Amino acid sequence: MQSLQPGTVEELAGLVEQAYEQSVPMYPLGGQTALHYGLPAKTDGWGISTEKLNRVIDFPVKDLTLTVETGITIQALADMLANEGLMLPLDVPQQSQATLGGVIATNCNGPRRFGYGTVRDYVIGIQAVNGKGQLFHGGGRVVKNVAGYDFCKLLTGSMGTLGIISQATVKLKPVPEEAVTVAVSLDDGATVENCIAMLMESPTVPVAVELLYGARWSEYAGDPNRRYTLAVQLAGTESEITWGQQRLADDLKACGAPGAFALSSEAHVALWQQIQEFPAAEHELTIQVKTVSSGAVPVIEKCTETDPQCTIQSDIGNGVVTVGFEEMPETGISGLVVSQLGPLATVYHGHVETLRCPAPEDLTLGTMWGQLSGPQWLHNRVKEQFDPRGLLNPGRFVYQ
Amino acid sequence: MHGSADLESTLPVALIHELQQIIGVDGVLTAHSDRMVYECDGFTIEKSCPDVVVFPTTTDQIAAVIQACNRFETPFLPRGAGTSLAGGTLPIGGGVMLVLTRMTNIEEINLRDRYAVVQPGVVNIRLTQALAGTGYHYAPDPSSQGACTIGGNVATNSGGPHTLKYGVTVNHVLGVEAVSSEGEVFRLGGPNADPAGLDLAGVMVGSEGTLAVVTRVWVRLTRNPEGVRTMLGVFDSVDDATNAISAIIGAGIIPAALEMVDHDIMVALEEAFQFGFPLDAEAILIIEVDGIEAGLDAQRDQIIDICEEAGAREVQQAENEQHRQQLWKARKQAFGAIGRLASSLVTQDGVVPRTQIPQMYQKIMEIGEKYDIRIVNVFHAGDGNIHPVMLFDERDPSQIERVLAAGGEILQACLDAGGSVTGEHGIGVEKIQFMKQMFSENDLDVMASLRSAFNPNNRLSPDKMLPTAGACGVERHAPSKMVAQ
Ligand SMILES: Cc1cc2nc3c(=O)[nH]c(=O)nc-3n(C[C@H](O)[C@H](O)[C@H](O)COP(=O)(O)OP(=O)(O)OC[C@H]3O[C@@H](n4cnc5c(N)ncnc54)[C@H](O)[C@@H]3O)c2cc1C
Ligand SMILES: Cc1cc2nc3c(=O)[nH]c(=O)nc-3n(C[C@H](O)[C@H](O)[C@H](O)COP(=O)(O)OP(=O)(O)OC[C@H]3O[C@@H](n4cnc5c(N)ncnc54)[C@H](O)[C@@H]3O)c2cc1C
C-alpha cells in the first residue's frame, strides 16, 4: 500500500478527488496505533496520512478552545495545553503516536469519561474531506452554536468512512489542582454493585471509577487475596480532595468495603497510565463490552467464569468492560461474543466489540461491531451520500 | 406559498378522511379558524397556515400519518409547543402539521443507570419536577422550560443558563426513536451511551425537524450538586461587567451559570418582580458556582475578587434557596418583562468567542445608535451567547427596516469575530440567508446530502435551515412582537 502525506488541506482534497476519479480505495492514517480496530482492509489502495497536517490554527487560550489540524499527536497537544494549565481530558493510549484525527475517528474514550464526558462533548468544530474530495466543515470555533447539521457528531466514531478529518476545534478544561486515587479491594459482585450504585450518587463526584481484575493490577490492590480492585479518582482543590477522600472511605465502608486507602502519588500516576494503555495491550484476544452501568458486574462475572485467568479493566460507572484473554476461550470468538456475552450485553442495552484477535480476517460485522444501533438502511444511505464509491476505509465499518 | 389566504383546506378530501381515521376526528383540525393558531410560532414575522393539524398520541399514528402524506405527496412537519424563535414550525407550502403535545408520558426513570425515557411532548420542566427528591435533574434549562417540549429541545439543541457547565441538549440525549420521512419507525441509541455504528442520534439533535420526527427520547439524568453559591455582581458600567466575564472565564473558572442583564432590562424586571435590583447600576451579572460544598467558598471568593478587580460596585450573595430561586425566576422571565418596554421587539441569538463579549457589546450599542434603534441586552455571557433585544414600534415601517438592518449587522459582527449567528434558537426560516455567510457552497452541499439520506423526498419540513434552490425567500415585513431568550 502506497502512503501519501499531503502537506495542506487543499492537497488532501486534491488527492481524494484524484482517488475518487480513479476509484482508488483510501485508508486514512493517523498515528497508526489502531489500524487493527475494525474489519481489516481487503483491497489495495492509498494510505492517506495526516502526518504533515499538524499545525495549530488558533489557540485563544482564554476562550478555552483550540483549533488544530488533526495530524497533531495527543502528546504534542497535551504538552501545549499543559503549558497554559489546560487539558483535553481524553485518555488515549500511545499518546506520542496517536493523533487527534484518529481519536475522533475511533471515538476513543477512557476512564475519565465518567467525570469529563467523551470525545463528542469536546469537538465543537470539524473540517473534513468526503469521499468525493469535497472539503467541508461543520460547527465552528465558539462553544455554543446550533447553525446547520452537527457534523462533529456525525464524524466522531465514523472510523474514517465518511471523510478524512483534517481540522478540529475542541473545548478545553482547566487542569484541576490535584488528583488522587482511593482504592479498595473487594471480593464479590454484590459488594461491587453496592459500591458502584453508591459512587453513581456520591457527592464526591469522582472523575473516574474503575474496576480491575487480574494479576496485572496486583500491585495496586490493598489485599491481593481479594478478586477485585476498585479505583476511584478524585480531582479538584486540596480542600475538596481532603474532604472527598474521607467521605469516600466512609461511604465505601458502609457499602461493605472497608479498608479503602489512598495510593501514593507515584502509584496514582502509574495506575492511570496502565489503565489508559490497557486497550492497546498485547493479548491473544481483547474484547470490549459496552452496556449501561448496571450491566458491568454481570458481564465481568461472566468473563471471569469463562476464564479466571483473564484481565479486566472496566470504566464501570459507564458500563464499559475491556477484557484481555491470554488464550482463546474454547468457544472461539463467535461463541464468546455472539453466544455468551452478546445476549447478556443486550439485556443491559449494550453490545460487544472485538478490539484485538489472532485472526482478524475471520471477523464478521457481528463479531467485530456487535449489534448495530439504528437501521442498516440509514447507515448505508449516509455512507452513500458521503462516499458514493465506497472508497474510504472500505469494509472496515458497519455498512453492508 | 402563504397558506393563510385559503379558507378551506386545499388537501384532498381522501387524505383528510384517512387522517381522521388514523387519529380520530377529535385529533384533526381542518377549520381555518382552528388552524390559524398554528400559522406561526415564537417567530411571528412570517406566517403560513397548515392545511390540516393533527394531534397524534402514538408512534404508530405518526407513522401512519407520514405514510399517508407520502402517498398523497403532501409536505408535513412536526411541532411541539411552538416556542421556536426561528420559525422552525412554519409549514412552508402548507401541508400536514403534527402537533406532538398530546404525547406527554414520562415512560421510565432509571436512577441507577441515570437515564429517563420520555415522549416528545413532555414539557421540559415536567421532567425535572418528576425527579424532585431523587437527587437528579434534567440539565438543559431553556428559559422557556415551562412551555417548550423535550421533542422541540432535541430538534433545536436547546441551551439555557446552566448549559454553560453542564452542556446543551445534545450532551444529554442518549437516543431517540423516530419516524422517518417515509413513515418507518426506527431507533438510534438508547440507554447506553456507546451504541454501535454512527452517532446518528447526535445528528438528529439540532436538525430542526428536517431529518425525522422524534417520537421518544432517552435523556441523561444529572446528579444535583451538593452545594451552590449564587452571586449578583453589580456594576456601574457595562464595560466593567463584560470585562469581569472575560476575566472569570480567562481565569479558568467555569461557573454553573454566568449571565448578564443590562440596565434597561433590569429596570423592567424590577417593575415586574420587585426583586430589589439596584436601579442605578448599569449592569448585573448573575454568577452561580456549584459542586462539592467543601470547595465552594473558595470559588465564590475568587469570583468576588475578580469582579471587584474589574470594578464591581458590590457583589451580593443569594442568602438562601428562596432568594436564589427568585433571582433565577427574574432572569428567566427577562423577556416577559421587556414586553413592558416597547410594543414590539426582536431578539438576536449570536455567539462570539467568550472573551470578546466586551468588544461585542460596544459594537451592538454602536449599531443601535447608527440605526437609531433602542437595544437592551441579556447575555448567556459565559458561553459568549448574546441576546440583544431590539425595541421598536411595528406601526412604523421605517423602524422595521432599521431593525432588520441592525439585526443583520449584529450577526455579521458575530461572524466577523469568528462566531455564529445562532447559539440556541436555530436557523429555521429566520436566519436562512445567513447560512451562505457561515458556510461554503461545499458545506451546504454536504448538509443537503445528509438531509437527503434521511429525507430524500424533502417532504418533511421543506425549505428550512438550508438555502436550497427551491427555498422561498420570504420577504420580511412587519416583525411583530417577538419574545426571546
Ligand atoms: C476500540 C478501540 C481499540 C483500540 N485499540 C488500541 C490498540 O490496540 N492500541 C493502541 O495503541 N490504541 C488503541 N486504541 C486507541 C487508539 O490509540 C486511539 O483510537 C487513537 O487515538 C488512534 O489514533 P491514531 O492516530 O493512531 O489512529 P490510526 O490508528 O492511524 O487510525 C485509527 C482509525 O481512524 C482512522 N483515522 C485516523 N485518522 C483519521 C482522520 N484524520 N480522519 C479520518 N479517519 C482517520 C483510520 O483510518 C483508522 O480506521 C483503541 C481505541 C479504540 C476505540
Ligand atoms: C420566552 C422564550 C424563551 C426562550 N428561551 C430559550 C432558551 O433559553 N434557550 C433556548 O435554547 N431556546 C429558548 N427559546 C426557544 C424555544 O423555546 C426552543 O427552541 C425550544 O426548544 C422549542 O421547543 P418547542 O417544543 O416549543 O418546539 P417548537 O417551537 O414547536 O418546534 C421547534 C422546532 O423543532 C421541531 N420539532 C418539534 N418537535 C419535534 C419532534 N418531536 N421531532 C422533530 N422535530 C420537532 C419543529 O419542527 C421546529 O423546527 C425560548 C423561546 C421563548 C418563547
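Keep in mind that what you see is a predicted model, and the values were worked out from it rather than measured.

J.: Residues and numbers for the overall build of chain A, please.
T.: A tally of regular secondary structure across chain A gives 13 helices and 18 strands. For 400 residues, the compact-globule formula gives about 21 Å, and the C-alpha radius of gyration of chain A, at 21 Å, lands near that figure. Principal axes of the C-alpha set define a box for chain A whose edges measure 65 × 55 × 35 Å. Taking all 400 residues of chain A together, the buried fraction comes to 62%. When contacts within chain A are restricted to residue pairs at least 6 apart in sequence, those whose partners lie at least 24 apart make up 72%. For chain A, the separation between the mean place of its 25 positive charges and that of its 43 negative charges on side chains is 7 Å.

J.: Let's hear about the interface of chain A and chain B: which residues, and what values?
T.: Listed per partner, the contact involves 69 residues of chain A and 82 residues of chain B. Roughly 6300 Å² of surface becomes buried between chain A and chain B when both sides are summed, with 56% attributable to carbon and sulfur atoms. Of all residues in chain A, the largest losses of buried area upon contact with chain B belong to Lys144(A), Val146(A) and Tyr149(A), amounting jointly to 15% of the total for that side. Where chain A packs against chain B, one counts six salt bridges. Here Glu182(B) makes a salt bridge to Arg381(A), at a shortest N to O gap of 3.1 Å. Our count for the contact surface shared by chain A and chain B stands at 32 residue pairs in polar contact (both at pLDDT 80 or more). Among the secondary structure elements, those contributing two or more residues to the side of chain A that touches chain B are helix 4 (113-116), helix 5 (119-122), strand 8 (135-139), helix 6 (151-155), helix 7 (189-201), helix 8 (238-254) and helix 13 (376-386) of chain A. For the side of chain A that touches chain B, the element with the most residues is helix 13 of chain A, which contributes seven residues. Class assignment of the residues belonging to the side of chain A that touches chain B gives a composition of 31 nonpolar, 24 polar and 14 charged.

J.: For the packing of aromatic side chains, give the residues involved together with the corresponding values.
T.: Residue and element names in this part refer to chain A. Scanning all chains against the criterion turns up 12 aromatic pairs over all chains. For the ring pair tyrosine 37 and tryptophan 369, a centre distance of 5.2 Å and an interplane angle of 65° mean the geometry is edge-to-face. Here tyrosine 37, found in the loop between strand 2 (26-29) and strand 3 (46-49), pairs with tryptophan 369, found in helix 12 (residues 365-369); they are 332 residues apart in sequence, far enough to count as distant. Exposure class is identical for tyrosine 37 and tryptophan 369. Each is buried. An aromatic cluster of at least three residues, connected via ring pairs, comprises Tyr37, Trp369, Phe397 and Tyr399. We note arginine 389 situated over the ring of tyrosine 20; from NZ or CZ to the ring centre the distance is 4.1 Å.

J.: An account of helix 11 (residues 332-347) of chain A is needed here, citing residue identities and associated values.
T.: An α-helical turn contains 3.6 residues, so a residue and the one three or four places further along point in the same direction. Residues and elements named next belong to chain A. In this model, helix 11 (16 residues) spans 22 Å end to end at C-alpha, consistent with the 22 Å of a helix rising 1.5 Å per residue. Its axis deflected by about 50° at leucine 341, helix 11 carries its strongest bend there, up to four residues before the proline proline 343. For helix 11, the set of buried residues is Gly332, Ile333, Gly335, Leu336, Val337, Leu341, Gly342, Leu344 and Ala345. Next to the buried residues of helix 11 lie strand 15 (285-290), helix 10 (296-306), strand 17 (320-325), strand 18 (351-356) and helix 12.

J.: Give a detailed account of unusual backbone geometry, specifying residues and quantitative values.
T.: Residue and element names in this part refer to chain B. Within the chain, aspartate 463 stands out as a residue other than glycine whose phi angle is a positive 60°. Looking at the element boundaries, aspartate 463 is found in the segment after helix 16 (441-454). Under the relative-accessibility criterion, aspartate 463 is labelled buried at 13%. Phi is positive for methionine 465, which is not a glycine, with a value near 65°. Within the secondary structure, methionine 465 sits in the segment after helix 16. Looking at methionine 465, the relative accessible area reads 0%, which means it is buried.

J.: Can you lay out empty space enclosed by the protein for me, pointing to particular residues and giving the numbers?
T.: Residue and element names in this part refer to chain A. Taken as a whole and judged by the stated rule, the model has six cavities of 30 Å³ or more. Approximately 860 Å³ is the volume attributed to the largest cavity. Along the walls of the largest cavity sit 49 residues, with Ala34, Tyr37, Gly102, Thr106 and Cys108 positioned nearest its centre. Only strand 2, helix 3 (100-106), strand 9 (163-171), helix 9 (265-277), strand 15, strand 16 (311-315), strand 17 and strand 18 provide two or more residues apiece to the lining of the largest cavity. Tallying contributions element by element places helix 3 first for the lining of the largest cavity, with five residues. A domain split of the lining of the largest cavity shows at least three residues from each of domain 1 (2-174) and domain 3 (281-369).

J.: How would you explain a negative patch on the surface if you had to name every residue and give the values?
T.: Judged by side-chain charge, Asp187(A), Asp188(A), Glu301(A) and Glu305(A) come together as a negatively charged surface patch. Of note, Asp187(A) is situated in the loop between strand 11 (178-186) and helix 7.

J.: Could you give an account of the environment of Val37(B), naming the residues involved and the relevant values?
T.: Mapped onto the elements of the fold, Val37(B) is located in the loop between helix 2 (32-35) and strand 2 (52-54). Judged by relative accessible area, Val37(B) falls into the exposed class, the value being 55%.

J.: Talk me through the domain arrangement of chain A; I want residue IDs and the actual numbers.
T.: All names here are of chain A. When the domains of chain A are assigned, the result is domain 1 (2-174), domain 2 (178-277) and domain 3 (281-369). The centre of domain 2, based on its C-alpha atoms, is set 23 Å off from the matching centre of domain 3. Across the boundary between the two partners, domain 2 contributes 17 residues, which contact 17 residues of domain 3. Across the domain 2/domain 3 interface, buried area totals approximately 1400 Å², and carbon plus sulfur atoms make up 55% of it. Looking only at domain 2, the three residues that lose the most surface to domain 3 are Leu211, Tyr213 and Arg216, adding up to 37% of its buried area. In this assembly, domain 2 and domain 3 are joined by zero salt bridges. Put simply, the parts of the chain that give the side of domain 2 that touches domain 3 at least two residues each are helix 7, strand 12 (208-213) and helix 9. For the side of domain 2 that touches domain 3, the class distribution of residues is 10 nonpolar, two polar and five charged.

J.: So what's going on with the nonpolar core? Which residues, and what values?
T.: Ranked by size, the top nonpolar core spans 188 residues in total, and within it Phe151(A), Leu230(A), Ile287(A) and Val382(A) carry the most contacts. Tallying contributions element by element places helix 14 (residues 397-416) of chain B first for this core, with eight residues. Judged by nonpolar contacts, the second largest core, of 26 residues, contains Phe335(B), Ala337(B), Ile338(B) and Leu345(B).

J.: So what's going on with the sheet that holds strand 5 (residues 65-69) of chain A? Residues and values would help.
T.: All names here are of chain A. Across the sheet, five strands lie side by side as 4-5-9-7-8; this open sheet has antiparallel pairing. For this open sheet the edge positions go to strand 4 (56-58) and strand 8, each flanked by a neighbour on one side alone. With direction set aside, neighbouring strand axes in the sheet form an average angle of 25°. Running at roughly 45° to strand 7 (residues 123-130), helix 1 (residues 9-22) makes contact with strand 7, strand 8 and strand 9 of the sheet.

J.: An account of the site of ligand 1 is requested, with residue identities and associated values reported.
T.: Residue and element names in this part refer to chain A. Taken together, 34 residues surround ligand 1, and among them Pro28, Gly31, Gln94, Thr106 and Arg396 come closest. Interatomic distance of 2.5 Å between a side-chain N/O atom of glutamine 94 and an oxygen atom of ligand 1. Take proline 279: an N or O atom from its main chain is 3.5 Å from an oxygen atom of ligand 1. Look at ligand 1: alone it shows 950 Å² of surface, and the protein chains cover 98% of it. With respect to the detected pockets, ligand 1 is housed in the largest cavity. Only strand 2, helix 3, strand 9 and strand 18 provide two or more residues apiece to the shell around ligand 1. A per-element tally of the shell around ligand 1 places helix 3 first, with five residues.

J.: Tell me about the packing of helix 10 of chain A against helix 11 of chain A, residues and numbers included.
T.: Residues and elements named next belong to chain A. Close contact between helix 10 and helix 11 brings their axes to 9 Å; oriented N to C, the two are set at 150°. The orientation of helix 10 with respect to helix 11, classified from their angle, is roughly antiparallel. By crossing handedness, the relation of helix 10 to helix 11 is classed as right-handed. Contact residues: helix 10 offers Pro298, Val299, Lys302, Cys303 and Thr306, while helix 11 offers Leu336, Gln340, Leu341 and Leu344. By residue class, the composition of the contact of helix 10 with helix 11 is six nonpolar, two polar and one charged.

What counts and what doesn't
- Residues numbered from 1 in each chain as written.
- Chains lettered and ligands numbered in written order.
- Predicted model: local features only at pLDDT ≥ 70, side-chain atom pairs only at ≥ 80, totals over all residues.
- Heavy atoms only, no water.
- Helix = DSSP H or I, 4+ residues; strand = E, 2+ residues; numbered from the N terminus.
- Rg over C-alpha atoms; globule rule 2.2 N^0.38 Å.
- Buried < 20%, exposed > 50% of the residue type's maximum accessible area, 1.4 Å probe, protein only.
- Contact = heavy atoms within 4.5 Å.
- Lys, Arg positive; Asp, Glu negative; His and termini not counted.
- Charge placed at Lys NZ, Arg CZ, Asp CG, Glu CD.
- Buried area = accessible area lost by both parts, 1.4 Å probe.
- Salt bridge = Lys/Arg side-chain N within 4 Å of Asp/Glu carboxyl O.
- Polar contact = N/O pair within 3.5 Å; in protein donor to acceptor, adjacent residues only side chain to side chain.
- Nonpolar A, V, L, I, M, F, W, Y, C, P; charged D, E, K, R; others polar.
- Phe/Tyr/Trp six-rings, centres within 6.5 Å; stacked < 30°, edge-to-face > 60°.
- Lys NZ or Arg CZ within 6 Å of the ring centre and 35° of its normal.
- Expected span 1.5 Å × (residues − 1).
- Bend = angle between axes of the 7 residues up to and from the residue.
- 1 Å grid on protein atoms, 1.4 Å probe; cavity = no way out; pocket = protein on both sides within 12 Å on 5 of 7 lines; lining within 4 Å.
- Points joined across faces, edges and corners; volume = space filled by probe spheres on them.
- Domains from an automatic or database assignment.
- Patch = residues over 30% accessible without salt bridge, like charges linked within 9 Å, V, L, I, M, F, W, Y side chains within 5 Å.
- Areas by Shrake-Rupley, 256 points an atom, 1.4 Å probe, with all protein chains shown as cover.
- Core = buried A, V, L, I, M, F, W, Y, C linked by side-chain atoms within 4.5 Å.
- Pairing = 2+ DSSP bridges.
- Axes fitted to C-alpha atoms, helices over the stretch in contact; angles between N-to-C directions.
- Near = heavy atom within 4 Å.
- Sits in = over half its atoms within 2 Å of the grid points.
- Parallel < 35°, antiparallel > 145°, perpendicular 65-115°, else oblique.
- Left-handed = near helix turned anticlockwise from the far one by under 90°.

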